[in-house]
Each structure stands twice: as C-alpha cells, then as structure tokens.
Amino acid sequence: ESLHESEERFRRLAENAPDVIYRMKIPEGIYEYMSPSAERVLGYKPEEVYAKPKLVSETIHPDWRDYFSREWNKLLNGEASPYYEYKMITPYGKEKWIHQRNVLIKDENGKPVALEGIVTDITERKLMEEELSLKNAILSAEQEVSLDGILIVDRDGKTLALNRRFTEIWR
C-alpha cells in the first residue's frame with residue numbers, strides 16, 4: 001500500500017508539472033517515461049515519442065546535431081553534462097530553446113543504464129537575452145559616436161562604462 005501511494009504521488013507530481021519529466025534507457029535511447037507536458041514543450045505526445053524512439057533526437061536543430069552526437073558518445077561512456085541548452089524545431093516548424101537538466105543512472109558496475117531529467121522551454125528567456133544583447137550593442141555604438149562624454153557608475157561609484165569622448169575631455 002505504501003509503494004502504491006508513493007507511485008501515485010510521483011505520477012500526480014510528474015503529470016502536472018509544467019516541464020517535461022523523462023527517463024530514457026541507455027544505450028538504446030528508448031524513452032521509458034515521458035510526462036504529458038511533452039506535447040506543450042516539445043510538440044509531441046508521449047505516445048508519439050514511445051512509438052518512434054528517435055523522434056526527439058530528430059527535433060534537434062541542425063546547428064546543434066554535432067553537439068548532441070558528442071554528448072551521446074559521452075553518455076555511452078558514463079559521462080553526462082548536468083544540463084544542456086539547445087535549439088529544437090517543433091513539428092510545426094517553430095524554433096524553441098530548451099534547457100535540459102540531466103541525472104545519469106548507472107548500475108552497480110558503473111555502467112550507464114538510464115538518463116533521467118527535466119526539460120524546460122526557455123525560448124522566452126533566450127529571446128529576451130538576444131534583445132538585451134542587441135540593445136547593449138546599440139547603446140555601446142551610440143556612446144562611442146556621441147560628442148558628449150559619458151560615464152556610467154553603479155551605486156557604489158564603481159565605473160561600469162565610459163566612452164572615448166569622456167576620456168578625451170578628462171585627460
């Protein structure tokens with residue numbers, strides 16, 4: 001009865017989590033468990049992933065396939081990065097950024113038998129980072145062509161940025 005209650009508790013948690021929770025058998029690459037949020041995050045229902053084991057690897061953006069090939073070889077040798085961040089393509093052709101946290105499961109001899117983890121859609125965060133980077137580049141360019149001297153300091157008086165004109169004025 002305790003085991004049944006524990007399994008039910010895990011199932012409720014996993015099946016209501018906004019992120020994908022999974023377990024993949026190694027070296028076969030077959031998913032033993034994929035939570036229902038896979039449809040929202042990855043664009044595929046768990047049943048589709050179970051029916052076609054290589055489906056998830058096929059969603060990897062072409063720019064990231066070499067990276068995943070290297071990481072897969074590391075997994076087979078008993079090494080796993082604690083997380084991956086990569087771009088994928090949904091079945092609708094939309095690009096998404098994914099953050100995947102990993103736990104490598106080994107048998108008593110140290111041989112990898114499974115990879116468990118959580119997959120989070122971080123597309124919104126990545127888009128904001130790109131936008132911030134672009135804004136910083138524009139601001140930096142504007143500072144350099146300005147005829148005014150510009151000095152930016154933090155609350156403690158530490159210099160964060162200054163432009164060439166500022167140094168010319170205060171030489």
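Residues numbered from 1 in each chain as written. Predicted model: local features only at pLDDT ≥ 70, side-chain atom pairs only at ≥ 80, totals over all residues. Heavy atoms only, no water.

**So, the sheet that holds strand 5 (residues 112-121)**
Strand-to-strand pairing in sheets goes through backbone hydrogen bonds, with the strands running parallel or antiparallel. The strand order 2-1-5-4-3 describes an open sheet built from 5 strands, whose pairing is antiparallel. Since the sheet does not close on itself, it has two edges, and those belong to strand 2 (30-34) and strand 3 (83-89), each with one partner. Mean inter-strand twist for the sheet, computed between neighbouring axes without regard to direction, equals 30°. In terms of strand pairing, strand 1 (residues 20-25) meets strand 5 through 6 bridges, oriented antiparallel. Bridged to R23 within strand 5 is E116. Its contacts with the sheet place helix 5 (residues 65-76) against strand 1, strand 3, strand 4 (95-106) and strand 5, and it is angled at close to 140° to strand 3. Of the strands in this sheet, strand 3, strand 4 and strand 5 touch helix 6 (residues 123-145), which is tilted by about 125° from strand 4. (Pairing = 2+ DSSP bridges. Helix = DSSP H or I, 4+ residues; strand = E, 2+ residues; numbered from the N terminus. Axes fitted to C-alpha atoms, helices over the stretch in contact; angles between N-to-C directions. Contact = heavy atoms within 4.5 Å.)

**Description of the packing of aromatic side chains**
The full count for this structure, using the stated rule, is 9 aromatic pairs. Seen from their ring centres, W64 and Y67 are 5.6 Å apart, and the 90° between their planes marks the pair as edge-to-face. Arranged with centres 5.7 Å apart and planes meeting at 80°, the rings of W64 and W97 form a pair that is edge-to-face. Residue W64 is found in the loop between helix 4 (55-58) and helix 5, and its partner W97 is found in strand 4; the two are separated by 33 residues along the sequence. For W64, a relative accessible area of 22% corresponds to the partly exposed category. Grouped by ring-pair contacts, the aromatic residues W64, Y67, F68, Y84, Y86 and W97 constitute a single cluster. Just above the ring of W97 sits the side chain of K126; from NZ or CZ to the centre is 4.7 Å. (Phe/Tyr/Trp six-rings, centres within 6.5 Å; stacked < 30°, edge-to-face > 60°. Buried < 20%, exposed > 50% of the residue type's maximum accessible area, 1.4 Å probe, protein only. Lys NZ or Arg CZ within 6 Å of the ring centre and 35° of its normal.)

**A look at the pairing of strand 4**
Pairing of strand 3 with strand 4 involves 7 bridges; the strand directions are antiparallel. Among the inter-strand pairings, Y83 is bridged to a residue of strand 4, identified as R101. In sequence, strand 3 turns back onto strand 4 through a hairpin of 5 residues, with G93 there showing a positive phi of about 85°. Hairpin remark: strand 4 followed by strand 5, antiparallel, with 5 residues in the connecting loop; positive phi at G110, about 85°.

**What to know about the pattern of salt bridges**
Oppositely charged side chains are able to pair whenever their charged atoms sit close together. Enumeration over the complete set of coordinates arrives at 15 salt bridges. Salt-bridge contacts for R125 lead to E129; the nearest nitrogen and oxygen are separated by 3.0 Å. With a gap of 4 residues between them, R125 and E129 both fall in helix 6, about one helical turn apart. Given the relative accessible area of 34%, R125 is considered partly exposed. Look at E129 and you get partly exposed, because its relative accessible area is 37%. In the salt-bridge network here, residues are joined through shared partners; they are E85, R125, K126 and E129. (Salt bridge = Lys/Arg side-chain N within 4 Å of Asp/Glu carboxyl O.)

Limitation: the analysis is restricted to geometry and does not speak to function.
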